[in-house]
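Here is what each chain is made of, one letter per residue.
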Amino acid sequence: MTPATVSPPWAYTLQLPQDPRGPGIARATLRTVLVVHGMGDLVETAELLASELVTNAYRHSTGPYSLRLRGAGRNRVRVGVWDSNPEIPAPFRGGETREPGALEERGRGLRLVRQCADNWGAYPVRGGLPGQGGKVLWVECTGKPDCRWGDLPE
């Protein structure tokens, strides 16, 4: 009889400063963590999703933010991003968003998140001290072949 192997749950939190290099550091960390945990096939989709969330945290908050990674079951990862801005964007509130114009440079990222993630959500974070509140946006993915960096529709 072969003993059953159970993977222990794992989680990582990467604190990021309000610095333009933060999103790149978050992507590199995510790639490393997924490969170490045998989830290399999730890297492209998870990196796309994380990139959108951490870039929005950098752009739309004024303080530090963090990337949170957690194993969410067999070949599934949850990616969460905390930032100090308490406003939850419309796509995560279930609200309608307008289609960005053809020449607009912004407005597509959270639509991609909703298209490529298996599950997503948001919740407010209430803190007793200044700088401890904000929100967490999270996504879960198992990898979708049509959600790769090079294959996205324009």
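Everything below is about the structure shown above.
Residues numbered from 1 in each chain as written. Predicted model: local features only at pLDDT ≥ 70, side-chain atom pairs only at ≥ 80, totals over all residues. Heavy atoms only, no water.

(A) Main features of the overall build of the chain. When helices and strands are counted, the chain shows four helices and five strands. The secondary structure elements of the chain, listed N-terminal to C-terminal, are β-α-α-β-β-α-α-β-β. Taken over 154 residues, the chain has a buried fraction of 41%. When contacts within the chain are restricted to residue pairs at least 6 apart in sequence, long-range pairs at least 24 apart make up 63% of them. As displayed, the chain offers around 9100 Å² of accessible surface, 53% of which is attributable to carbon and sulfur atoms. (Helix = DSSP H or I, 4+ residues; strand = E, 2+ residues; numbered from the N terminus. Buried < 20%, exposed > 50% of the residue type's maximum accessible area, 1.4 Å probe, protein only. Contact = heavy atoms within 4.5 Å. Areas by Shrake-Rupley, 256 points an atom, 1.4 Å probe, with all protein chains shown as cover.)

(B) Looking closely at the nonpolar core. Judged by nonpolar contacts, the single largest core of 31 residues is most densely connected at L34, L53, L67, V77, V79, F92 and V139. Those elements that place two or more of their residues in this core are helix 1 (22–36), helix 2 (43–60), strand 2 (65–71), strand 3 (77–83), helix 4 (109–116) and strand 5 (134–141). A total of eight residues in this core trace back to one element, the largest contributor, which is helix 2. Dropping the residues within four chain positions of it, V79 is found in contact with L30, A50, L53, L67, R68, L69, L137, W138 and V139. (Core = buried A, V, L, I, M, F, W, Y, C linked by side-chain atoms within 4.5 Å.)

(C) Highlighting the pattern of salt bridges. Under the criterion given, the structure shown has five salt bridges. R76 is the salt-bridge partner of E140, the closest N and O atoms lying 3.0 Å from each other. One end of the pair, E140, is in strand 5; the other, R76, is in the loop between strand 2 and strand 3, and 64 residues separate them in sequence. The class for E140 is buried, based on a relative accessible area of 10%. E140 is paired through a salt bridge with R78; the nearest N and O atoms lie 3.0 Å apart. With E140 in strand 5 and R78 in strand 3, this pair connects stretches of sequence that are 62 residues apart. (Salt bridge = Lys/Arg side-chain N within 4 Å of Asp/Glu carboxyl O.)

(D) Representation of the environment of P64 within the structure. Topologically, P64 is positioned in the loop between helix 2 and strand 2. Excluding residues within four positions of it along the chain, P64 makes contact with L16, P17, Q18, W82, D83 and S84.

(E) How the structure looks around the sheet that holds strand 2. With antiparallel pairing, five strands are arranged side by side in an open sheet as 1-2-3-5-4. Each edge of the open sheet carries a strand with a single partner, namely strand 1 (11–16) and strand 4 (119–125). Taking the axes of each pair of neighbouring strands and ignoring which way they run, one obtains an average angle of 15 degrees across the sheet. Two elements, strand 3 and strand 5, share seven bridges in a ladder whose sense is antiparallel. The residue of strand 5 that forms the bridge with R78 is E140. Each of strand 2, strand 3 and strand 5 is contacted by helix 2, which is oriented at about 10 degrees to strand 3, the strand it contacts most. (Pairing = 2+ DSSP bridges. Axes fitted to C-alpha atoms, helices over the stretch in contact; angles between N-to-C directions.)

(F) Up close: the packing of helix 2 against helix 4. Contact geometry of helix 2 with helix 4 gives a least axis separation of 10 Å together with a crossing angle of 145 degrees. Considering how the two elements wind past one another, helix 2 and helix 4 form a crossing that is left-handed. Facing T45, L48, L49, E52, L53 and N56 of helix 2, the residues of helix 4 in contact are G109, L110, L112, V113 and C116. (Left-handed = near helix turned anticlockwise from the far one by under 90°.)

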